[in-house]
Amino acid sequence: MKLNIALLAGDGIGPEVINQAVKVSDAIAKKFGHEINWTPALTGAAAIEAVGEPYPEETHEICEAADAVLFGAIGHPRFDNDPSTKVRPEQGLLKMRQKLGLFANVRPTFTFPSLIDKSPLKKERIEGTDLVFLRELTGGIYFGKRGREDNGNTAYDTCTYTRKEVERLARKGFEIAMQRSKKLCCVDKANVLETSRLWRETVQNLEKEYPEVEVSYEFVDAVAMRLVQWPNSYDVLITENLFGDILTDEASVISGSMGLMPSASLGEKTSLFEPIHGSYPQAAGKDIANPLATVLSAAMMFETAFNLKDEAEAIRKVVNKSLAEGVVTEDLADGGKAYKTSEVGDWLSANI
Ligand code: IPM
Ligand code: MN
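Being a predicted model, the structure only gives us computed values, none of them experimental. (Residues numbered from 1 in each chain as written. Chains lettered and ligands numbered in written order. Predicted model: local features only at pLDDT ≥ 70, side-chain atom pairs only at ≥ 80, totals over all residues. Heavy atoms only, no water.)

Chemist: Describe the overall build of the protein, and please don't skip the residues or the numbers.
Modeler: A count of helices and strands for the protein gives 14 helices and twelve strands. Taken against the 2.2 N^0.38 rule, which gives 20 Å for 352 residues, the C-alpha radius of gyration of the protein at 20 Å falls within 12% of a compact globule. By principal-axis analysis of the C-alpha atoms, the protein measures approximately 55 × 50 × 40 Å. Each of the 352 residues in the protein was classed as buried or not, and the buried ones make up 52%. (Helix = DSSP H or I, 4+ residues; strand = E, 2+ residues; numbered from the N terminus. Rg over C-alpha atoms; globule rule 2.2 N^0.38 Å. Buried < 20%, exposed > 50% of the residue type's maximum accessible area, 1.4 Å probe, protein only.)

Quick look at the structure:
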């Protein structure tokens, strides 16, 4: 099979972790007889530096023309510490999500048997955790009207959702639930927010179409607590944009490191695959970042964008093997040998 993939390395550790995912994907392509055509494109701070904007039109055209997009990370401290900055790297990511119509962000949370003791949470609580968040990605407070009033002394960000936006996300949630344990949790704040009441109403209406799915409705604050207390009680969770952003960072603690969790952003056109972690600027250029979240994002890409399940499974298998044999970066080394980012990538591709 011919795979045309847009490669957006982005900022910070982005290029380093992306390189390992490319090595691993190329090894998979060789083993299974595929041909990957990578097309690199600029995004984030790197794009601002080169052409003055974080998601240039040329990058968008490359993404639209590709079968899938593999993405590294975005963000640079130079912009974070200056609230007056008008052009920010993160705007590139948001613009990309919006222009590619990537409305459903799939973020699985699972544990690795060999890492179960790495989590700060008790083993008996997290063992066997296997849940998936479906985070709405192109609406809500991220994209609502925002601004300043009162000579800059009052600021506002508005959260808006249409029934259509909620329905298409929820439908994906029901579909994923049907393929799993048929349990769906709608996360909201319907005791306070009108948008949450629209979410609840929309999901309740959909329940009739999926009678086999057992749906629960829980407030986001309670989910934040139960997620670390009884992660095993959840299977598929659907949530609006900001709640999903926060809860998925929290959930990554269950697996033991944020450097492990992949994601897929699905939409109307090309899908995008990226680690849930950020650009980790302190580690940039040091060859120490954990590449596994990006490598596992590539596995999701093979499976979701190309329906190549054996290829995805082969990646997961070799990742598990590296963890079991202690071929890990410093975040997981725990006093043992810490491998470099590039060494982990080399080991993974050599073992495929
Ligand atoms: C994420 C990130 C982004 C978000 C940032 C970089 C804009 O935190 O993908 O979770 O908030 O969506
Ligand atoms: Mn986030």
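Picking up after the structure, the text goes on.
Chemist: Would you mind going over the environment of Asn232 in detail, with residue names and values included?
Modeler: Among the structural elements, Asn232 can be located in the loop between α9 (220-229) and β10 (236-239). Excluding anything up to four places from it in sequence, Asn232 contacts Arg125, Ile126, Glu127, Gly128 and Thr129. Here the side chain of Asn232 touches Glu127 through a polar contact of 2.9 Å, landing on its backbone oxygen. (Contact = heavy atoms within 4.5 Å. Polar contact = N/O pair within 3.5 Å; in protein donor to acceptor, adjacent residues only side chain to side chain.)

Chemist: Tell me about the domain arrangement of the protein, residues and numbers included.
Modeler: Partitioning the protein into domains gives domain 1 (1-108 + 258-352) and domain 2 (120-255). Spacing between the C-alpha centres of domain 1 and domain 2 amounts to 24 Å. Counting residues at the interface gives 17 residues for domain 1 and 18 residues for domain 2. For the domain 1 and domain 2 pair, buried surface summed over both sides reaches about 1,700 Å², with 64% attributable to carbon and sulfur atoms. When the buried area of domain 1 at its contact with domain 2 is split by residue, Phe103, Asn105 and Arg107 rank highest and sum to 38% of it. Between Glu268 and Arg168 there is a salt bridge, and its shortest N-O distance comes to 2.9 Å. Counting across the domain 1 and domain 2 interface gives five residue pairs in polar contact (both at pLDDT 80 or more). (Domains from an automatic or database assignment. Buried area = accessible area lost by both parts, 1.4 Å probe. Salt bridge = Lys/Arg side-chain N within 4 Å of Asp/Glu carboxyl O.)

Chemist: How would you explain helix α11 (residues 292-306) if you had to name every residue and give the values?
Modeler: Given 3.6 residues per helical turn, the α-helix brings residues three or four places apart onto the same face. Between its first and last C-alpha atoms α11 spans 20 Å; for 15 residues at 1.5 Å apiece the expected length is 21 Å, and the two agree. Within α11, twelve of the 15 residues are buried, which leaves it mostly tucked inside the rest of the structure. For α11, the full list of buried residues reads Leu292, Ala293, Thr294, Val295, Leu296, Ser297, Ala298, Ala299, Met300, Met301, Phe302 and Phe306. Asn307 sits one or two positions beyond α11 and adopts a positive phi of about 55 degrees. (Expected span 1.5 Å × (residues − 1).)

Chemist: Break down empty space enclosed by the protein for me, with residues and values.
Modeler: Scanning the model with the defined rule gives one cavity of 30 Å³ or more in all. Taken together, Arg107, Pro108, Thr109, Thr248, Ala251, Ser252, Met261, Pro262 and Ile276 make up the full set of residues lining the largest cavity. Residue composition of the lining of the largest cavity, grouped by class: five nonpolar, three polar and one charged. Residues lining the lining of the largest cavity come from more than one domain, with at least three contributed by each of domain 1 (1-108 + 258-352) and domain 2 (120-255). (1 Å grid on protein atoms, 1.4 Å probe; cavity = no way out; pocket = protein on both sides within 12 Å on 5 of 7 lines; lining within 4 Å. Points joined across faces, edges and corners; volume = space filled by probe spheres on them. Nonpolar A, V, L, I, M, F, W, Y, C, P; charged D, E, K, R; others polar.)

Chemist: Which residues make up the site of ligand 1, and what are the values?
Modeler: Neighbouring ligand 1 are Glu90, Leu93, Arg97, Arg107, Arg135, Tyr142 and Asp245. One of the side-chain nitrogen or oxygen atoms of Tyr142 is found 2.5 Å away from an oxygen atom of ligand 1. One nitrogen or oxygen atom from the side chain of Asp245 is found 2.9 Å from an oxygen atom belonging to ligand 1. For ligand 1, whose unbound accessible area comes to 320 Å², protein coverage reaches 77%. (Near = heavy atom within 4 Å. Areas by Shrake-Rupley, 256 points an atom, 1.4 Å probe, with all protein chains shown as cover.)

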